[in-house]
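# Architecture and fold: a report
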2 protein chains.
Amino acid sequence: MIDLAHCRTLDARDPLRAVRDRFARPAEDTVYLDGNSIGAMPADAASRVERVMLEGWRDARRRGWNRFDWLEKPWRMGEGLAHIVGAGKGDVLFCDNTTINLYKILGYAWQLDRTRPVIVTEAHNFPTDTYVAEGLARFAGGAAAVRRIDRPHELDAALSGDVGVLYLSYVDYRTSRRWNMAAVNELARARGVLTLWDCSHAAGAIPVDLEGTGADFAVGCGYKYLCGGPGAPAWLYVHPRHQDRAWPVIAGWMGHADVFAFAPTYEPLRGVRRHQTGTPGILANEAMSAAIDIWRDVRREDLAWKHRSLSEVLIALLEQECGKFGVRVTSPLDYDEQGGHVGFSHPGAGSVCEALLEHGVVSSFRKPDVIRFGISPVAISHEDVWVAVSRLRQVLETEIWREPRFAKVSV
Amino acid sequence: MIDLAHCRTLDARDPLRAVRDRFARPAEDTVYLDGNSIGAMPADAASRVERVMLEGWRDARRRGWNRFDWLEKPWRMGEGLAHIVGAGKGDVLFCDNTTINLYKILGYAWQLDRTRPVIVTEAHNFPTDTYVAEGLARFAGGAAAVRRIDRPHELDAALSGDVGVLYLSYVDYRTSRRWNMAAVNELARARGVLTLWDCSHAAGAIPVDLEGTGADFAVGCGYKYLCGGPGAPAWLYVHPRHQDRAWPVIAGWMGHADVFAFAPTYEPLRGVRRHQTGTPGILANEAMSAAIDIWRDVRREDLAWKHRSLSEVLIALLEQECGKFGVRVTSPLDYDEQGGHVGFSHPGAGSVCEALLEHGVVSSFRKPDVIRFGISPVAISHEDVWVAVSRLRQVLETEIWREPRFAKVSV
């Protein structure tokens, strides 16, 4: 039996307690469990962005490029995130958005061996991941193709000799199921296949170990658990063994070996920075940097402890408080298979999610009947989990979710 | 003989006088002639971005997608810019950065006829434009190639039967020379070649007439004369006759026919909006929208009158006040051949540009000996031009630019 006192005891020993206070308190009394959608805002993000606008844009104008660290931010932020995703400090870069980085890195990996023109992915990968692969294969033409597997056990058979890249989401955005990254990388390596992992629903929630598991490439968004804000830059990772093997697919001046030489022909920068394209997003990068400055102070093992602790408490409370009202946890019960969020089904999930909003709990709904509670270890407490489940219980017990005003479900 | 009184007379009849007051006054007494680098900041840009951060990010979180117009902004901004670049209202889209949009649209145009695999461009096109073409040809493989012309008169001979796309900057970033867009489009059309224009050094300074001249495609940045701020989204234009001919090169969920259906396979949106990739840059789009709300109120003919008037006054004053100190205008003297900025040479240009900064004039230097004064009709007055040239004269007359502290030249 888990009670509020138990949650408070866990919070008292939370090593990330102080980190939580570095995020802004919203105007309303609300528990935000949408870290899998848009993460919390660092307390100083708004003032930092305002300063860039007034001192950088209004006053400095073009001198801003010399006065501030605008051009360094993309890789400085990568350095700050590296330990959270298990990467070398120089191997991560922030730029562009997730879709574009997926395209750039999938294309980069794909072109490394054109005699293996097939990309393997999951039929139920996140839509933009799949679309990017379809579009790339169509544009590349020739024998380029996308092969989809329906279930994990089909992976082995799918990795035949014509496959160049295995392209997976580390965590499934619906089910929260997590691949065994080490085992998959090992299998792929044995078959001569490169791996590209979309870590959007993992990074900042659960520790990711890119280099330790031998991943070749990775991409992730900045706006979910990493708390970079709506429209934040995304990140990309290239293992050092691949960094200087080819030109980037989108060859831009910010990825040139000597950007301000204005040379007439392209020559890539060494390393991961060649994947920079055009002018970086100065405002978005400042907001993202506010979050990265927090991540620099987050120890990997503390993140791991807290996400696991929050997840286990949440799953136990969902059963204990709401099981009798038809709530069934759909995400993996074995923690080693779970990703960033906990998902549960309920016959009225869409309306329940809307009613929860009115009761001060922001979560997210996925068709047909799943509610997702995103577990953001830097921003929520065990008590938050207690409050959220209590409110869920209230919504279910009173059946208020059946009221007509909750019938219209937003996505 | 042009004097300050004459400049003030012109300002008194300036139809864009009121528009100028909608930009923020910088902290210092400075004349900004770097509209070709980072344009002026709209007066309400900082407060609008702050509101998005507090109400959208901090408080609304994922609900922001439903509460605000975040998903509509990319094409709403396109509608607001359309008349300035001579495009149909539904044919312009803001997204990503210039380099990425060049890649997307060059790739889109290139794939429309793979039997014409050659891209023609200028040897002295802006670096990122050239790099994008080189990178695209390398990635596409096969017969894809880039052919460069050195001088305009070589264009005719370069457009042979193997050419699919003619890829030019409307205005040269160094010389400010402007192509005759109508004549070039006509020549290209006669040869069965598609045209893609980079309008970065033109849009927002001089009127552009994409549809009227029969341009097929265009791209431009948002941060120069369009005043969207550092890292602003770029825009792209696709003539209606090409909009539904193919998939976009980067097929992302924001360009899907039904983004929130989470369909397993890609189907493009109709029209130009299929070129949207991933999550839009919410902060950057808000800042850009502050500028677009100004552009909605700018009449095309007023922009044309004022840019011409400012340019002619500037060129006359440079000769009148500074000719005797070695200043020579290098940009075209025939206004119909001039782009957004006026360029002039001086043997000590780099140091002069630095000394001008100390004297409250922000301009930009390009190797080896050219200073560029960017003419931003919405943000500067004829009196500003008078003040800037007076300060230039002072810098040259006193030879203060020879002092050692101006020897280090920033780019």
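In every chain, residue numbers begin from 1 and rise along the written sequence. Here the convention is simple: chains get letters from A, ligands get numbers from 1, in the order in which they are written. pLDDT decides what is reported in this predicted model: residues at 70 or higher carry local features, side-chain atom pairs at 80 or more are listed and counted, and totals for whole chains, interfaces and linings draw on all residues regardless. Hydrogen atoms and water are omitted, and side-chain values are computed over all heavy atoms in the structure.

### Quick notes on the relation of the copies chain B and chain A
- Overlaying chain B on chain A yields an RMSD of 0.0 Å, the required transformation being a rotation through 180° with an accompanying axial translation of 0.0 Å. Here the copies are linked by what is in effect a two-fold axis. Across chain B, the rotation axis passes nearest the C-alpha of A140 of chain B, at a separation of 3.0 Å.
- The contact definition used throughout considers only heavy atoms, calling two residues in contact when any of these lie within 4.5 Å. Both copies share a contact surface, since 100% of the interface residues of chain B are interface residues in chain A too. Superposition of the copies used a least-squares fit over C-alpha atoms from residues whose pLDDT is at least 70 in both.

### Quick look at the interface of chain B and chain A
- Facing 89 residues of chain B, the contacting portion of chain A comprises 89 residues.
- Put simply, buried area is how much 1.4 Å-probe accessible surface two parts lose in total, over both of them, once they are put together. Both faces combined, the contact of chain B with chain A buries some 7900 Å², and carbon together with sulfur accounts for 64% of it.
- Counting the surface chain B buries against chain A, the share from its top three residues, W57, R62 and F139 of chain B, is 12%.
- Only one rule defines a salt bridge in this text: a Lys or Arg side-chain nitrogen within 4 Å of an Asp or Glu carboxyl oxygen. Linking chain B with chain A are 4 salt bridges, by the criterion used here.
- Between R63 of chain A and E28 of chain B there is a salt bridge whose closest N-O contact spans 3.7 Å.
- Nitrogen and oxygen atoms within 3.5 Å of one another constitute a polar contact, given that in protein one can donate a hydrogen and the other can accept it, and given that sequence-neighbouring residues count only through two side-chain atoms. At the junction of chain B with chain A, the criterion picks out 35 residue pairs in polar contact (both at pLDDT 80 or more).
- By the criteria applied, helices consist of DSSP H or I runs no shorter than four residues and strands consist of E runs no shorter than two, each listed in order from the N terminus. Sorting the residues of the side of chain B that touches chain A by element identifies α3 (45-60), α4 (64-67), α6 (98-111), α7 (127-140), α10 (282-295), α12 (349-358) and β12 (364-366) of chain B as the ones contributing at least two each.

### Let's talk about the nonpolar core
- With 159 residues, the main nonpolar core has W235 of chain A together with W235 of chain B as its most contacted residues.
- Here the nonpolar core consists of buried residues drawn from Ala, Val, Leu, Ile, Met, Phe, Trp, Tyr and Cys, with membership extended through side-chain atoms lying within 4.5 Å. Note on classification: 1.4 Å probe, protein chains only; a residue is buried when its accessible area is under 20% of the maximum for its type, exposed when over 50%, partly exposed between these limits. Core analysis: the second largest hydrophobic core is formed by 64 residues, W75, Y108 and A144 of chain A together with A133 of chain B among them.

### Here we look at the pattern of salt bridges
- All chains considered together, the criterion is met by 69 salt bridges over all chains.
- Taking the shortest distance from any N to any O, the salt bridge between R22 of chain B and D297 of chain B comes out at 2.7 Å. Within this pair, whereas R22 of chain B is found in the loop between α2 (17-20) and β1 (31-32), its partner D297 of chain B is found in the loop between α10 and α11 (300-322), the two being separated by 275 residues in sequence.
- By relative accessible area, R22 of chain B is classed as partly exposed at 31%.
- In this structure, the salt-bridge partner of D302 of chain B is R299 of chain B, at a minimum N-O distance of 3.1 Å.
- Classification of D302 of chain B as buried rests on a relative accessible area of 10%.
- Residue classification places R299 of chain B among the partly exposed positions, given a relative accessible area of 48%.
- The structure contains a network of salt bridges with shared partners spanning D44, R48, D69, K73, E286, D293 and R296 of chain A.

### Describing the domain arrangement of chain A
All names here are of chain A.
- All domain edges in this entry derive from an automatic or database-based domain assignment. The domain architecture assigned to chain A consists of domain 1 (4-32 + 299-406) and domain 2 (47-295).
- A C-alpha centroid distance of 29 Å is found between domain 1 and domain 2.
- The interface is formed by 24 residues belonging to domain 1 together with 24 residues belonging to domain 2.
- The contact between domain 1 and domain 2 buries some 1900 Å² in all, and 59% of this surface belongs to carbon and sulfur atoms.

### Here's the deal with the sheet that holds strand β10 (residues 341-345) of chain B
Residues and elements named next belong to chain B.
- DSSP calls a pair of strands paired once it identifies at least 2 bridges connecting them. The strand order across the open sheet built from 4 strands is β9-β10-β13-β12, with neighbouring strands paired in antiparallel fashion. A strand with exactly one partner marks an edge of an open sheet, and here the two such strands are β9 (328-329) and β12.
- For β10 and strand β13 (residues 370-374), the ladder comprises 5 bridges, and the chain directions are antiparallel. Each residue of the ladder has a partner; that of G343, found in β13, is R372.
- Axis definition: a line fit to C-alpha positions, over the contact stretch in the case of helices; interaxial angles, taken between N-to-C directions, run 0 to 180 degrees. Contacts between α11 and the sheet are confined to β9, β10 and β13, with β10 contributing the most and set at about 15° to the helix.
- Contacts from α12 reach β12 and β13 within the one sheet, and its direction differs from that of β13 by about 40°.

### Things to note about the packing of aromatic side chains
- Only centres within 6.5 Å qualify two rings of Phe, Tyr or Trp (six-membered ring in Trp) as a pair; their planes then separate them into stacked at under 30 degrees, edge-to-face at over 60, and tilted for everything else. As enumerated under the stated definition, the model contains 29 aromatic pairs over all chains in all.
- Ring centres 4.9 Å apart and planes at 70° place the aromatic pair F126 of chain A and W253 of chain B in the edge-to-face group. With one member in each of two chains, F126 of chain A in the loop between β3 (118-122) and α7 (127-140) and W253 of chain B in the loop between β8 (234-238) and α10 form a pair that bridges those chains.
- Three or more aromatic residues joined by ring pairs make a cluster, and in this case those are F126 and Y173 of chain A together with W253, F260 and F262 of chain B.
- The criterion is that NZ of a Lys, or CZ of an Arg, lies within 6 Å of the ring centre and within 35 degrees of the ring normal, and then a charge sits over that ring. The aromatic ring of Y335 of chain A is capped on one face by R178 of chain A, whose charged end is 5.4 Å from the ring centroid.

### So, the pairing of strand β6 (residues 194-198) of chain A
Residues and elements named next belong to chain A.
- For β6, a buried count of 5 out of 5 residues is recorded, marking the element as mostly surrounded by other parts of the structure.
- Here strand β5 (residues 163-169) pairs with β6 via 5 bridges, running parallel. Following the sheet pairing, V165 is matched in β6 by L194.
- Note on handedness: a clockwise path from strand one over the helix to strand two, with the strands aimed away from the viewer, defines a right-handed crossover. Handedness of the crossover is the feature at issue here: the chain leaves β5, passes through helix α9 (residues 181-190), returns alongside β6, and the resulting connection is right-handed.
- Of the pairings in the sheet, the one linking β6 to strand β7 (residues 217-220) comprises 3 bridges and is parallel in character. Note on β7: the bridge partner recorded for L196 is F217.

### A closer look at the sheet that holds strand β13 (residues 370-374) of chain A
Residue and element names in this part refer to chain A.
- If you walk across this open sheet you meet the 4 strands as β9-β10-β13-β12, and the pairing is antiparallel. Looking at the sheet topology across the chains shown, the edges are occupied by β9 (328-329) and β12 (364-366).
- Where β12 meets β13, 3 bridges bridge the pair, whose relative direction is antiparallel. When the bridges of β13 are listed, F365 appears paired with I371.
- Contacts between helix α11 (residues 300-322) and the sheet are confined to β9, β10 (341-345) and β13, with β10 contributing the most and set at about 15° to the helix.

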